[in-house]
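Examination of the molecular architecture
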Amino acid sequence: MPMVDEIKRLQDEMVSWRRDLHAHPELGFAETRTSTFIQERLKSFAVDEIHGFTGTGVVAVIRGRDGDEAIGLRADIDALPIPEESGVPYASTNSGVMHACGHDGHTTMLLGAAKYLAASRKFKGTAYLIFQPAEEIGGGRQVVADGLFDRFSMKRIFGMHNMPTMPVGEFYWRNGNILAAANFFEIRIVGLGAHAAQPHFGIDPIVAGSSLVGALQTIVSRSIDPKHPAVVTVGSFQSGVAANVIPREAVLKGTARWFDPRVGETIEKAIRKMAKSTAENYGATAEVEMHMVAPATVNDEAAMTLARNAATAVAGSAAVVEMEDPIMGAEDFSYMLGVKQGAYIMLGAKRPGQLNPMLHHPAYDFNDAILATGATYWATLVEQQLSL
C-alpha cells in the first residue's frame, strides 16, 4: 500500500494524540508530561533508540537498511502562557497555558511519521526525529549548545510550521530569509510614588512610560533604512493597582524583529538610549534587559530544493508555492540552521469558510485536517533522501 494510504489510516489515532496533547499543554523546559507521552508512543512503535536531551527533549532513532547517511526532522513541543478561549471540548486543562501555536499538531505529525517509518523501513541510513523543548523562549540555542549534533550525526535538518492564514494542505517555501530574528526586551521605569491628588510630590512612571511607548515607534520609521524590514512592538505595559495612587514603577515588555544583524544592533542601541533619555526627561530612571530569542531563519537553497521535492510528491506542484516575502515571526530552528544545512517550510492550515484565529491567539486551534499531510511530508523526506 502506498505511503500516503498507510499514513491516512493513522488519522484517527493522530487526532486522539493531538487532542490529548492540546488538553495538557506545558511551558518551555517544563514539558514533562509531554515528553513522557512522546516516549511512550515511540516505545510502542518499536523505534531503535530513544534519547533525552536538554531536559525534556526527545530524540527517536530509526534505522533503515545499511547506509551511512542520516537526516534530522524536528518538531517543537512546548505551549504558551495564554488562557485558552477556543471553546473546544479538549481545551487546555492547565490554567493560563495553551497550545496556541500548533506545537501539539507538529508533535503529532512527527509521531505519525515515526510510526510509519519504524514499521516500513523503506530507506537506508538513519532518521533522527527530534522533539525539541522550549521553542517559544529560544530553547534551540541551548539544544545546540548542549551538543545535540555532536551526539547525533546528521547531514541535514528540516523543520515545518502550520499556517492558519494559508490554504489548507498547500506548502509554502522560500530560499534565504523565511523568518525574522527576535529579541524580547523589558524596560523598568522607576519614579517616585505619590498620592494621585498630589502628583507634584511624585515622579510618575506611567507618564514617562506612555511617552516612551510612542517614542519607541520612531526607531523603525526614523532610524532604519526603509529597505530593511523591522518591527518594534510593546506588548505589555504594567503599572499601579489603585486609581488614586501614583505608583513607583512601570514595566514595559516588547519585542523587536529584523533580518539584517546590523539592523538589530541599531534597534537594540536605540531602545537602550531612548529608554534612558525618556525616563530622565521626567526625572525617572530606566533599566533595560534584552533577551535574544532567535536569529533570522535562513534556508539553504540546496536543502530547500529537497524539501520542495518532498512537498511536491505529497501535494502536487500546484500546491507548492514560493513565498514572495519572508514573515516577521521568528523560529529558534534558526540556531540549528546556523550549524547544519537545512530548510524550514510552511504548511497551510486555513479552514475554508470559517474564522481562522492566527497563531498565538487565545481562540486558535490546530487544524487536524493537515495531520496526515504533515506526517507524509516527513516520511517522504526520509524516503527520498535516504532512498534504497
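Now for a quick tour of the structure.

Parameters at a glance
- Residues numbered from 1 in each chain as written.
- Predicted model: local features only at pLDDT ≥ 70, side-chain atom pairs only at ≥ 80, totals over all residues.
- Heavy atoms only, no water.
- Axes fitted to C-alpha atoms, helices over the stretch in contact; angles between N-to-C directions.
- Helix = DSSP H or I, 4+ residues; strand = E, 2+ residues; numbered from the N terminus.
- Parallel < 35°, antiparallel > 145°, perpendicular 65-115°, else oblique.
- Left-handed = near helix turned anticlockwise from the far one by under 90°.
- Contact = heavy atoms within 4.5 Å.
- Nonpolar A, V, L, I, M, F, W, Y, C, P; charged D, E, K, R; others polar.
- Phe/Tyr/Trp six-rings, centres within 6.5 Å; stacked < 30°, edge-to-face > 60°.
- Buried < 20%, exposed > 50% of the residue type's maximum accessible area, 1.4 Å probe, protein only.
- Pairing = 2+ DSSP bridges.

**Structural notes on the packing of helix α4 (residues 103-120) against helix α11 (residues 371-385)**
- Close contact between α4 and α11 brings their axes to 8 Å; oriented N to C, the two are set at 50°. In terms of orientation, α4 and α11 fall into the oblique class. Regarding α4 and α11, the two cross each other, and that crossing is right-handed. Where α4 approaches α11, its residues G105, T108, M109, L110, G112, A113, Y116, L117 and S120 are matched on the opposing element by L371, G374, A375, W378, A379, V382 and E383.
- Here the contact of α4 with α11 is composed, by residue class, of 10 nonpolar, 5 polar and 1 charged.

**So, the packing of aromatic side chains**
- Enumeration over the complete set of coordinates arrives at 5 aromatic pairs.
- Arranged with centres 5.5 Å apart and planes meeting at 35°, the rings of F333 and Y344 form a pair that is tilted. Of this pair, F333 sits in helix α10 (residues 333-337) while Y344 sits in strand β16 (residues 341-350); the two residues are 11 residues apart in sequence, bridging distant segments of the chain. Grouping residues by exposure puts F333 and Y344 together as buried.
- Measuring from centroid to centroid gives 5.5 Å for Y377 and W378, while their planes differ by 50°, and the two rings are tilted.
- Since its relative accessible area comes to 0%, Y377 is described here as buried.
- For W378, a relative accessible area of 2% corresponds to the buried category.

**Description of the sheet that holds strand β8 (residues 181-190)**
- Strand order in the open sheet formed by 4 strands is β10-β12-β8-β13, with antiparallel pairing between adjacent strands. Single-partner strands in this sheet number two, and they are β10 (230-238) and β13 (285-294). Put simply, the sheet's adjacent strands are angled 20° from each other on average, direction ignored.
- Sheet topology places β8 next to strand β12 (residues 249-258); 10 bridges connect them, and they run antiparallel. Across the sheet, residue R188 finds its bridge partner in β12, namely V251.
- Where helix α7 (residues 205-223) meets the sheet, it contacts β8, β10 and β12, and its direction lies at approximately 165° from that of β10.

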